[in-house]
Amino acid sequence: MHKKTVIEFLKNDLGEDYEIKSNAKVKLEGYENDEGIPFDIVVQKNDNILGIEVSFQVTTNSTIERKAAQAETRQNVMHKNGYKIAYIIDGAGNFARSSAITKICQYSDCTIAYKQREFQLLGNFIRDVLI
């Protein structure tokens, strides 16, 4: 539900020049899996790509910890290929884990909360970096 709302917003906000995919993989040089690195949402314009990870946890389960543990490696491999990475964070369970949130923010090119006004920030960021 939440991811679909973000995708719909981005499609309306960015227009037809941007390709937006749900549960897609980005093929990267230097990444161990030939199929690519998976993202919840992938936005592409021309040869420029942004991978977006979404975390909508309302409990304190390990999803946010896993995403935090992967954040540095994911950003490094994306940057080596000339791409960007963003995160959308929501849910009390996530915000209760401040060390994980801090790590995600440290290794993100854009991090927003799940709020309508923040979706606009993400849209603006995408227009700035995906030329």
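Up top is the structure these notes are about.
Everything numeric here is computed off the predicted structure, so don't read it as measured data.

Participant: How should the overall build of the chain be read in this particular structure?
Facilitator: Each helix and strand counted, the chain has five helices and five strands in total. Across the chain, helices and strands are ordered from the amino to the carboxyl terminus as α-β-β-β-α-β-α-α-β-α. Out of the 131 residues belonging to the chain, those deemed buried represent 46%. Restricting to contacts in the chain with at least 6 residues of sequence separation, those with at least 24 account for 61%. Just so you have it, the chain exposes about 7100 Å², and 45% of that area is on carbon and sulfur atoms.

Participant: Sorry, what's going on with the packing of helix α2 (residues 63–80) against helix α4 (residues 98–106) here?
Facilitator: When two helices pack together, their arrangement is given by the angle between the helix axes and the distance between those axes. In the contact formed by α2 and α4, the axes pass within 8 Å of each other and the chain directions differ by 20 degrees. By the angle class used here, α2 and α4 are roughly parallel. For the crossing formed where α2 meets α4, the hand is left-handed. Each of I64, E65, K67, A68, A71 and Q75 in α2 lies in contact with α4, whose residues at this interface are A100, I101, K103, I104 and Q106.

Participant: Help me out: how do you make sense of the nonpolar core in this one?
Facilitator: Soluble globular proteins tend to pack their nonpolar side chains together in the buried interior. Formed by 22 residues in total, the largest nonpolar core has its most connected members in L10, V43, L50, I52, L122 and I126. Listed by contribution, the elements that provide at least two residues to this core are α1 (2–14), β2 (37–45), β3 (48–56), β4 (84–90), β5 (110–113) and α5 (116–129). Considering every element that reaches this core, the biggest residue donor is α1, with five residues. Among residues more than four places away in sequence, those in contact with I52 are L10, F39, D40, I41, V43, A86, I88 and L122. If you look at the next biggest cluster of nonpolar residues, it comprises 21 residues, including F39, V77, M78 and I85.

Conventions and cut-offs
Residues numbered from 1 in each chain as written. Predicted model: local features only at pLDDT ≥ 70, side-chain atom pairs only at ≥ 80, totals over all residues. Heavy atoms only, no water. Helix = DSSP H or I, 4+ residues; strand = E, 2+ residues; numbered from the N terminus. Buried < 20%, exposed > 50% of the residue type's maximum accessible area, 1.4 Å probe, protein only. Contact = heavy atoms within 4.5 Å. Areas by Shrake-Rupley, 256 points an atom, 1.4 Å probe, with all protein chains shown as cover. Axes fitted to C-alpha atoms, helices over the stretch in contact; angles between N-to-C directions. Parallel < 35°, antiparallel > 145°, perpendicular 65-115°, else oblique. Left-handed = near helix turned anticlockwise from the far one by under 90°. Core = buried A, V, L, I, M, F, W, Y, C linked by side-chain atoms within 4.5 Å.

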